[in-house]
Amino acid sequence: MKVVNLKQAILQAWKERWSDYQWAINMKRFFPRGATWDILNLAEALLEQAMIGPSPNPLILSYLKYAISSQMVSYSTVLMAISKFDDFSRDLCVQSLLEIMDMFCDRLSCHGRAEECIGLCRALMSALNWLLRCAAFYAEKVKEMLEQVAAEGQMKMCLERLEKMLGSTKNRALIHIAQLEETCTSLPGPSASWNTVEQSLLKLEESLNGLSNSTLRSQADDCISLIKSIPTMLSVRSEQLNKTGFPTVHAVVLLEGTMNLTGEIQPLVEQLMMVKRMQRIPSPLFMLEIWKACFVGLIESPEGTEELKWTAFTFLKIPQVLVELKNYPHGDKVSRKGCGLELFAALCVLVDYACCDGAGACLLLQECSKQGLLSEANMTNLTDKRKADREDAPQLQSAENANIQPNPRLILRAEPTVTNILKTMDADHSKSPEGLLGVLGHMLSGKSLDLLLAAAAATGKLKSFAWKFIKLNEFTKHISTENSKSAPVRALLFDISFLMLCHVAQTYGSEVILSESRPADEVPFFETWMLTCMPEEGKILNPDHPCFRPDSTKVESLVALLNNSSEMKLVQINWHEVCLSISAAILEILNAWENSVLTFESIQKITDNIKGKVCSMAVCAVAWLVAHVRMLGLDEREKSLQMIRQLATPLYGDNTLQFYNERVVIMSSILEHMCADVLQQTATQIKFPSTGMDTIPYWNLLPPKKPIKEVLTSVFTKVLEKGWVDSRSIHIFDTLLHMGGVYWFCNNLVKELLKETRKEHTLRAVELLYAIFCLDMQQLTLTLLGHILPNLLTDSSKWHTLMDPPGKALAKLSVWCALSSYSSHNKGQASARQKKRHREDIEDYISLFPLDDTRPSKLMRLLSSNEEDANILSSPNRSMSSSLSASQLHAVSMRDPLNRVLANLFLLISSILGSKTAGTHTQFVQWFMEECVDCLEQGSHGSILQFMPFTMVSELVKVSTMSSPKIVLAITDLGLPLGRRVAAKAIAAL
């Protein structure tokens, strides 16, 4: 008999009662060699014939079971065939189908092409939907009294198969891929969609209402929970419960409060949340650590400006940060129950010491309540508790309080004052300059200016504040209708605005003054002067720069005015031109003095004229002298330094303009900051007048005659012993970073980490090093990933340094830095402090990879991938080279140094995994990838793992610790068709 189709072959076998073995032999004889049984729908045909009668045909079912066991048919076609049966009233047929599923559902696998693996994912989702429909059908039948017992048995069998299917992480991962495949492609197909699964799930939940059998109900609820967890199966994260201190959070907050008060809130929020995710910190302890760092910073801060800055940071900026943390998106919000304020009692000692008048804690609670962080009831309870605690605590005398810490009330009062001053500054200055002068004079008294600046900095208003004073400074150029009455007012407005802007630039950084959006022809005078003439830490000025060489006629007239007049005239003087001309005038005067043309008495008269009316002239003169002294030999500096001393000494007399004493206070502080570098280098002392302003904080911290490497080692050792970074150490690390450079700094700290041999010390070192690297995370990450790691991984003589625990700790640090840098880099959130630091050139990292001869060409294709056609790149049919990664499919630019470094690092990692030589460097790669998985979130296709070549997945699953479905899902970009196929193939083969 010649068989025409499958149906006839199956019927013939049944009629002649062939055994399953005979049937298989004859099937191969009936059909041409190489026939694919899946294409011929053998499984579907067998099931269709087996289910024709009132009960299933056992012989034909045996043929199907043999086909499954001998792998004549794939699991996916069997599952698809089963899911097409919908007559659930035929109990025996359903039982037979469930028995067939028992054969393979807990050990599904596929070793074919990627498309076949995707087909298995879809078939599994269809089978899941079929089991849900089946369970829902019998749940309804259970409610019918006549069929209750039989229906309960059938439902129990369905739920057991559901539990068996969903109990496998591998199966849930494959279903997750099918769900994403449907979501991303939206292509119709024979398999059930995730929407259909959700509808079946909803129907089952409805059918469970009124179900009296508690065992079945509990079993069904467990299955429902597992199904609902599939879309978010990677986002479930456990938190650390065995730690109470988190030095990274502490150091990040200290760094922000100490060095970046003017920074925007969002980058700090992102950085803190990154640390919280990477270290899995519980929300209450996370918030408690933020508060603890604030109070420690406030206690540590030197008296004066730094103290006020920390008070503003704690009482004004941190509540705003907490609001952003509370409302953080992506389901990673911190606790909404008071943002850690319920744990305030745990900080009683710190609160009492930081806010010595006893009202500080209550004031802070009030500020948090204003921001909506506390309900009225919580606020009342916490305030009452604090008052009760204070009654039992020893009280410090008020005189002592005033000497220990400033009253936070001053900062809180200064904040609305800043807003009022900004409004006042918006008025038309030409109508009432005297009134404005009165306001400015009041700002200069006592510590009012520093209070106002600290409040403005903490609330993000300092840049606006500075711009108002720049506009005021520009306004003083108008001199056309000036008379003897208005001239002093204009001179004072210029002087006060100039001095305030200098003070802001020195206290909070010149970036606060600069504007990135102004056209070149509209750059204000002060901005130009500050960039070209004002000395700053690490900034070298050229005294022969054209900015110091204005029009010679103006210089001559200014020299004559200073030398011949008993005092400076004020009417019709363009103070901007005077400040630009004073440097050249000082040069002329200095030359005349050095050549004995002028006597010391003449120099005194000239310097008195310079500083006697407008202090800004003295500031500009000293700015040039500082640049000039740097260029002189030791024996040539005496007269220049004497002139600086003369200009720094205030006049004592009645013939000065209004607010002279207040202006001199600011001038002395400005001059001291300007001269600090040059005085240290020349080993010279100039005694600046004691005017009530604090000395330069955190200045001259490095011990003399001690190599900077020894300083770095000793400071890091002390920090490691303490377990946390203090403000002084942060400033020392920042100074060393400036002096030694990024590579020196990073390399030596990594060496210190690799010296540690105790696990608890290495973990603490990683937490502290990450915080220290926040000084310039971008550049230090580039150095770590682009220079130091490749050197360690490719030099066999250094592999022993990568042993556990230091090697594992370095892997953790590398991942943390890579994730933080990539996240902030993509969001453009480098702080202004980091932006202004000199950037080191990034070399071509190809030379760091001594791989085989074919690899450089692949690497070059990787680096030029953004020039390829996007349509070709995104095609799922594109052949996979060993360097193809998700970043190429997302058209990520490889011109960017960080992207380039990450791409090269992952190529090196891929090469190590595929190498025949194993060692501690191979183990390091495993730790690196495990940490990546631990730190990443589901669906983060924009993460650093997008630079990982797709071919790495098959290498990674060979490693026992990485052969997990969840890890495969985490390391592949499931948003891409190719990523889903790679994941499906890897998981199906497990």
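Residues numbered from 1 in each chain as written. Predicted model: local features only at pLDDT ≥ 70, side-chain atom pairs only at ≥ 80, totals over all residues. Heavy atoms only, no water.

Trainee: Any chance you could explain the overall build of the protein chain here in plain terms?
Mentor: Scanning the protein chain from N- to C-terminus turns up 46 helices and zero strands. Residues classed as buried in the protein chain amount to 56% of the 990 residues present. Carbon and sulfur atoms provide 52% of the accessible area of the protein chain, an area that totals close to 42,000 Å². (Helix = DSSP H or I, 4+ residues; strand = E, 2+ residues; numbered from the N terminus. Buried < 20%, exposed > 50% of the residue type's maximum accessible area, 1.4 Å probe, protein only. Areas by Shrake-Rupley, 256 points an atom, 1.4 Å probe, with all protein chains shown as cover.)

Trainee: Looking at this structure, I do not really get helix 43 (residues 920–935). What am I missing?
Mentor: Given 3.6 residues per helical turn, the α-helix brings residues three or four places apart onto the same face. Compared with the 22 Å implied by 1.5 Å per residue over 16 residues, the 22 Å span of helix 43 between its first and last C-alpha is a close match. By the criterion of burial, helix 43 is predominantly enclosed, with 13 of the 16 residues buried. (Expected span 1.5 Å × (residues − 1).)

Trainee: Looking at this structure, how should I read the nonpolar core?
Mentor: The tendency in soluble globular proteins is for nonpolar side chains to be buried as a group. The biggest cluster of nonpolar side chains holds 328 residues, and the ones touching the most others in it are Trp529, Leu810 and Met929. Those residues in contact with Trp529 that lie beyond four places of it in its chain are Phe498, Cys502, Met534, Leu580, Val619, Cys620, Ala623 and Met674. (Core = buried A, V, L, I, M, F, W, Y, C linked by side-chain atoms within 4.5 Å. Contact = heavy atoms within 4.5 Å.)

Trainee: Looking at this structure, how should I read the pattern of salt bridges?
Mentor: Side chains that carry opposite charge are capable of pairing whenever their charged atoms lie near each other. Using the criterion set out here, one finds 26 salt bridges in the structure. We note a salt bridge from Arg161 to Glu160, for which the minimum N-O separation is 3.7 Å. When the shortest N-O distance is used, the salt bridge between Asp426 and Lys468 registers 2.4 Å. One end of the pair, Asp426, is in the loop between helix 20 (408–425) and helix 21 (433–444); the other, Lys468, is in helix 23 (residues 462–475), and 42 residues separate them in sequence. Owing to a relative accessible area of 47%, Asp426 belongs among the partly exposed residues under this scheme. Accessibility expressed as a relative area gives 15% for Lys468, which makes it buried. (Salt bridge = Lys/Arg side-chain N within 4 Å of Asp/Glu carboxyl O.)

Trainee: When you look at unusual backbone geometry in this model, what are you seeing that I'm missing?
Mentor: Among all residues save glycine, negative phi is the norm, and among peptide bonds the norm is trans. Here the bond from Asp804 into Pro805 is cis, since omega is 15°, no more than 30 degrees from zero. Within the secondary structure, Pro805 sits in the loop between helix 36 (777–794) and helix 37 (806–826). One non-glycine residue, Phe659, lies in positive phi territory at about 60°. Among the secondary structure elements, Phe659 is positioned in the loop between helix 30 (638–648) and helix 31 (660–681).

Trainee: Could you clarify how one ought to interpret the packing of helix 20 against helix 22 (residues 448–458) in this entry?
Mentor: Two measures define how a pair of helices packs: the angle their axes make with one another and the distance between the axes. Relative to each other, helix 20 and helix 22 sit at 80°, their axes nearing to 8 Å. Here helix 22 runs roughly perpendicular to helix 20, going by the angle between their axes. In contact with Leu410, Ile411, Ala414, Glu415, Thr417, Val418 and Ile421 of helix 20, helix 22 contributes Leu451, Leu452, Ala454, Ala455 and Ala456. Tallied by class, residues from the contact of helix 20 with helix 22 come to 10 nonpolar, one polar and one charged. (Axes fitted to C-alpha atoms, helices over the stretch in contact; angles between N-to-C directions. Parallel < 35°, antiparallel > 145°, perpendicular 65-115°, else oblique. Nonpolar A, V, L, I, M, F, W, Y, C, P; charged D, E, K, R; others polar.)

Trainee: Would you mind showing me how to read the packing of helix 10 (residues 194–208) against helix 11 (residues 214–229) here?
Mentor: Running from N to C, helix 10 and helix 11 point in directions that differ by 155°, and their axes come no closer than 11 Å. Classified by the interaxial angle, the pair formed by helix 10 and helix 11 is roughly antiparallel. Viewed along their axes, helix 10 and helix 11 form a crossing whose handedness is left-handed. Contact residues: Trp194, Val197, Leu201, Leu204, Glu205 and Leu208 in helix 10; Arg217, Ala220, Asp221, Ile224, Ile227 and Lys228 in helix 11. Class assignment for the residues of the contact of helix 10 with helix 11 results in eight nonpolar, no polar and four charged. (Left-handed = near helix turned anticlockwise from the far one by under 90°.)

Trainee: What is the right way to read the side chain of Glu181 from this model?
Mentor: With respect to the element layout, Glu181 can be found in helix 9 (residues 169–185). Among the polar contacts listed, one links the side chain of Glu181 to the side chain of Arg981, at a separation of 3.2 Å. (Polar contact = N/O pair within 3.5 Å; in protein donor to acceptor, adjacent residues only side chain to side chain.)

Trainee: Is there a simple way to explain the confidence of the model for the protein chain in this structure?
Mentor: Caution applies to low-pLDDT regions: their predicted coordinates should not be interpreted in detail. Of the residues in the protein chain, 78% have a pLDDT of 70 or more, and the chain-wide mean is 79. Note on residues 835–880: pLDDT is under 50 here. Beyond four places in sequence and across chains, it has 81 contacts. (pLDDT = per-residue confidence, 0-100.)

Trainee: Looking at this model, I keep getting lost on the packing of aromatic side chains. Mind explaining?
Mentor: Where two aromatic rings form a pair, the distance of their centres and the angle of their planes describe that pair. One pass over the structure, following the stated rule, counts 18 aromatic pairs. When the ring of Phe526 is compared with that of Trp529, the centres are 5.9 Å apart and the planes differ by 40°; the resulting orientation is tilted. Here Phe526 and its partner Trp529 are both found in helix 25 (residues 525–533), three residues apart, which amounts to about one turn of the helix. Each member of the aromatic cluster is reached from another via a ring pair, and the members are Phe494, Phe498, Phe525, Phe526 and Trp529. (Phe/Tyr/Trp six-rings, centres within 6.5 Å; stacked < 30°, edge-to-face > 60°.)

Trainee: Explain the side chain of His576 to me, please; I cannot follow it from the model alone.
Mentor: The topology assignment puts His576 in helix 27 (residues 575–594). Polar contacts involving the side chain of His576 include one to the main-chain carbonyl oxygen of Asn473, which spans 2.9 Å.

Trainee: What exactly am I supposed to notice about the environment of Met278 here?
Mentor: Looking at the secondary structure, you find Met278 in helix 13 (residues 265–279). It is 7.2 Å that separates the C-alpha atoms of Met278 and Trp816, two residues lying 538 residues apart in sequence.

Trainee: Before we go on, may I ask you to explain the environment of Glu536 in this structure?
Mentor: You can see Glu536 is positioned in the loop between helix 25 and helix 26 (552–564). C-alpha of Glu536 to C-alpha of Gln506: the two residues are 30 residues apart in sequence and 7.6 Å apart in space. Glu536 has contacts with Ser510 and Asp677, leaving out every residue within four places of it along the chain. Polar contacts involving the side chain of Glu536 include one to the side chain of Ser510, which spans 3.3 Å.

Trainee: What am I meant to see in the state of the cysteines here?
Mentor: Any covalent bond linking the sulfur atoms of two cysteines counts as a disulfide. Applying the stated criterion to the full structure yields zero disulfides. You can see Cys117 has no disulfide; the closest cysteine sulfur is in Cys110, sitting 3.7 Å from it. (Disulfide = S-S within 2.5 Å.)

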